[in-house]
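So you can see what is in the structure, the chains are spelled out below.
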There are 2 protein chains.
Amino acid sequence: MSPLPAASHRVAVDVVVIALDDAGSATRGGGTAGSPGETTRATDTPVALAVRRPRPPFAGDWALPGTLVRDGEHLEAAALRVLAERAGLGPPRHLEQLATFGAPARDPRGRVVSVSYLALSPRPCGVAQRARWWPVAACPHLAFDHAEILTSAVERLRGKLSYSNVAYGLLPDTFTLSELQAVYEAVLDRSVDKRNFRKKVLSLGMLAEAPGQRRGPHRPAQLYRFTDTELVVIDDAITA
Amino acid sequence: MSPLPAASHRVAVDVVVIALDDAGSATRGGGTAGSPGETTRATDTPVALAVRRPRPPFAGDWALPGTLVRDGEHLEAAALRVLAERAGLGPPRHLEQLATFGAPARDPRGRVVSVSYLALSPRPCGVAQRARWWPVAACPHLAFDHAEILTSAVERLRGKLSYSNVAYGLLPDTFTLSELQAVYEAVLDRSVDKRNFRKKVLSLGMLAEAPGQRRGPHRPAQLYRFTDTELVVIDDAITA
DNA sequence: TCAAAAGTGTTACAGCTACACCCATGG
DNA sequence: CCATGGGTGTAGCTGTAACACTTTTGA
């Protein structure tokens, strides 16, 4: 079995980790208000994880967490390793490949082909040194072509929300319908009609009632869970 | 600017070229007949380009056309080069990245990370030596993980047909509505209602009348063309 | 008793599906 | 004149979008 000819490249993975922050501190576009009580706009903000580069090139700039793929290492394993090493995160609830960026000059040090991944996490949990969650809409300039990667991640997430149960990645095991709705509103950046949303999402059969209620200074809310923990594509779009 | 550490890999592109063959020679599943005259089932067959491997590993087996990416070469440029060198094809009407396959053992010679592409061509035009168009449904075993790549290509195409003008890649510059419908029927592998299809596709505004008609032993058919030659995603799905 | 969020139905409209016949041409 | 595909309209139905008030709790 003859060895392959010489041409070889460095291969990296870069991971876009997206979570929802309920602080509501970020720049929100002034969405249309809607009639009172009809469409309560969520305060959740999509945030993405970035790390500050300790070395040139782009030293001091923010970048997506990434790493070179090791010999014999699966691409997905490298993505998981990045999350653990660079951000102190365990395996995310959802991880999928996005696209591969391979422009010859994307890294000034030489050719690096980067396979990008999208990871979802329910909350921006505490992360390692040098790492930070940035609101996607107010993210500083990112090194390399990472701004482009982040954009494609958000577009992918937005698209998949409409025809899959990918919201699973952004929620805890059990959640209320209002919390689910808040995920949709935050990611789609628009308000959603409560009654239509509930009708639609319950009719799809991807949710089941979970025992218990969420209590607070208001009427208790029924908890739900996703029936599938893996990504399931539905043919009937969610457009409430 | 410090050079990167040593870990490096071979990077390849593998291209799934899909075209429609009007021979109708292939294995077609017996689709539902439908009422007479309502749903004339197309005889077009999706075919994919494969090349016979001249050398180990998998010598003599069929495989997708592919090549190692050269130093300084864009990934897409490598895909175009494959089409030209291995199949004698010019730039296709549509080319998009599919996914990247990087399992450590996918190539027995050693680590090769493969970026796969989907290319579309109107017809299975004559190709170089060692290359052949195979009906997708009756394709022989493919080397490496190329069967998996082919499957994901067909799924991608099927999905995109419903919400984009990607059919552009499978048609000549001008075409009749029946020819367009035949593309949908061949790729989706089901029959489509003629009247509903025309209503829908014309209402989307992605087609314009072209001068001239297609003549034959029947009433002449109006020619159309796509208004955009680049991929345009529509929000309103085609489900006639 | 007040504030806050949970929960719930109906109506109008748009778009989808199903369905059959006449037309224009070439042979 | 016949075979072949081109071209057209309607009616029922289904799903969507718009819309406001009552309920239950904690403070």
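Residues numbered from 1 in each chain as written. Chains lettered and ligands numbered in written order. Predicted model: local features only at pLDDT ≥ 70, side-chain atom pairs only at ≥ 80, totals over all residues. Heavy atoms only, no water.

J.: Break down the sheet that holds strand E9 (residues 207–216) of chain A for me, citing the residues and quoting the values.
T.: Residue and element names in this part refer to chain A. One open sheet accounts for three strands, arranged E8-E10-E9; its pairing is antiparallel. Strands at the two margins of the open sheet, each flanked by one partner only, are strand E8 (175–176) and E9. Sheet topology note: the E8/strand E10 (residues 218–226) ladder contains two bridges and is antiparallel. Within E10, the residue paired with Thr176 across the bridge is Leu223. (Pairing = 2+ DSSP bridges. Helix = DSSP H or I, 4+ residues; strand = E, 2+ residues; numbered from the N terminus.)

J.: Help me get a handle on the packing of aromatic side chains, residues and values and all.
T.: For the structure on display, the rule yields ten aromatic pairs over all chains. Look at Phe58 of chain A and Phe144 of chain A: their rings are 5.0 Å apart centre to centre, the planes differ by 75°, and that puts the pair in the edge-to-face class. Of this pair, Phe58 of chain A sits in the loop between strand E2 (45–52) and strand E3 (62–63) while Phe144 of chain A sits in the loop between strand E7 (131–135) and helix H2 (146–163), and the two are 86 residues apart along the sequence. Taking the relative accessible area as the measure of exposure, Phe144 of chain A reaches 18% and is therefore buried. Ring geometry for Tyr168 of chain B against Phe226 of chain B: centres 6.0 Å apart, planes inclined by 90°, an arrangement best described as edge-to-face. In this pair, Tyr168 of chain B sits in the loop between helix H2 (146–163) and strand E8 (175–176) while Phe226 of chain B sits in strand E10 (residues 218–226), placing the two residues 58 residues apart along the sequence. Through pairs of rings, three or more aromatic residues link up here, namely Tyr168, Phe175 and Phe226 of chain A. Over the aromatic face of Tyr168 of chain B sits the side chain of Arg93 of chain B, whose NZ or CZ is 4.2 Å from the ring centroid. (Phe/Tyr/Trp six-rings, centres within 6.5 Å; stacked < 30°, edge-to-face > 60°. Buried < 20%, exposed > 50% of the residue type's maximum accessible area, 1.4 Å probe, protein only. Lys NZ or Arg CZ within 6 Å of the ring centre and 35° of its normal.)

J.: So what about the relation of the copies chain A and chain B? Which residues, and what values?
T.: For the pair chain A and chain B, the best superposition has an RMSD of 0.0 Å and corresponds to a rotation of 180° with a translation of 0.0 Å parallel to the axis. Read as a symmetry element, the transformation amounts to a two-fold axis. Every residue of chain A has its C-alpha some distance from the rotation axis, and the shortest such distance is that of His9 of chain A, at 2.7 Å. Interface overlap between copies: 100% of the residues of chain A at the interface are likewise at the interface in chain B, consistent with a symmetric, same-surface contact. (Least-squares fit on C-alpha atoms with pLDDT ≥ 70 in both. Contact = heavy atoms within 4.5 Å.)

J.: Give a description of helix H1 (residues 75–87) of chain A that names residues and reports values.
T.: Over its 13 residues, H1 of chain A runs 18 Å from end to end, which matches the ideal 18 Å to within 8%, given 1.5 Å per residue. Of all the residues in H1 of chain A, the buried ones are Leu75, Ala78, Ala79, Arg81, Val82, Leu83 and Ala87 of chain A. Contacts made by the buried residues of H1 of chain A are with strand E1 (10–21), E2, strand E4 (66–68), strand E5 (94–101) and strand E6 (112–120) of chain A together with strand E5 (94–101) of chain B. A positive backbone phi angle near 65° is found at Gly88 of chain A, which sits one or two residues after H1 of chain A. (Expected span 1.5 Å × (residues − 1).)

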